[in-house]
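Residue-level structure breakdown
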Amino acid sequence: QVQLVESGGGLVQAGGSLRLSCAASGSILSINVMGWYRQAPGKERELIATINSVFSTNYADSVKGRFINSRDNAKNTMYLQMNNLKPEDTAVYYCNIPRLIPVGYWGQGTQVTVSS
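Presented here is an overview of the structure given in this document. (Residues numbered from 1 in each chain as written. Predicted model: local features only at pLDDT ≥ 70, side-chain atom pairs only at ≥ 80, totals over all residues. Heavy atoms only, no water.)

Describing the packing of aromatic side chains
The full count for this structure, using the stated rule, is 2 aromatic pairs. Aromatic side chains tyrosine 37 and tryptophan 106 sit 4.9 Å apart centroid to centroid with 85 degrees between the ring planes, which places their arrangement in the edge-to-face category. Of this pair, tyrosine 37 sits in strand β4 (residues 34-39) while tryptophan 106 sits in the loop between β9 (91-96) and β10 (110-115), and the two are 69 residues apart along the sequence. What makes tyrosine 37 buried here is its relative accessible area of 13%. Where tyrosine 94 meets tryptophan 106, the ring centres are 5.8 Å apart and the plane angle is 75 degrees; that geometry is what we call edge-to-face. (Phe/Tyr/Trp six-rings, centres within 6.5 Å; stacked < 30°, edge-to-face > 60°. Helix = DSSP H or I, 4+ residues; strand = E, 2+ residues; numbered from the N terminus. Buried < 20%, exposed > 50% of the residue type's maximum accessible area, 1.4 Å probe, protein only.)

Here you go:
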C-alpha cells in the first residue's frame, strides 16, 4: 500500500520560501498524477498544484507564479517549492494521488505558518 509522508513545513516570514517534500513508500513511476493540497484554519481542503508523469504541472490561481511543483522519480519524492509566501498561505499541506482520495487516505500533512 502506498504511503505518502509530507515534510518541510515550518514558520517563515512573509516573502520567504519553503520547500516541501512528499515521500512515497515505493516507486512513483506507476503514478501518473500527484498533487498538493492545503487546508487553512476554518477552510476546506483545496487542491493547489499537480504534476503528472511527464512533468506537466497545473496550479491554482492562488499560488500560480509563486509555487513550483516537481518530482524526482528516482527518489520517489514530489516537491513543492514555495516562494514569496504570504500569510494566507498558512495551512496544513498534504500530498495525495487520485487512487487514494476515494478511500479517504490523507497523511499527517506538514504545517506551514507564514507570519506578517
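Notes on the side chain of threonine 77
Considering the arrangement of structural elements, one finds threonine 77 in strand β8 (residues 77-82). Looking at threonine 77, the relative accessible area reads 8%, which means it is buried. In terms of polar contacts, threonine 77 uses its side chain to reach the backbone carbonyl oxygen of lysine 75, at 2.7 Å. Setting aside chain neighbours within four positions, we find threonine 77 in contact with Ser21, Cys22, Ala23, Ile28, Arg71 and Asp72. (Polar contact = N/O pair within 3.5 Å; in protein donor to acceptor, adjacent residues only side chain to side chain. Contact = heavy atoms within 4.5 Å.)

Geometry only, nothing functional implied.
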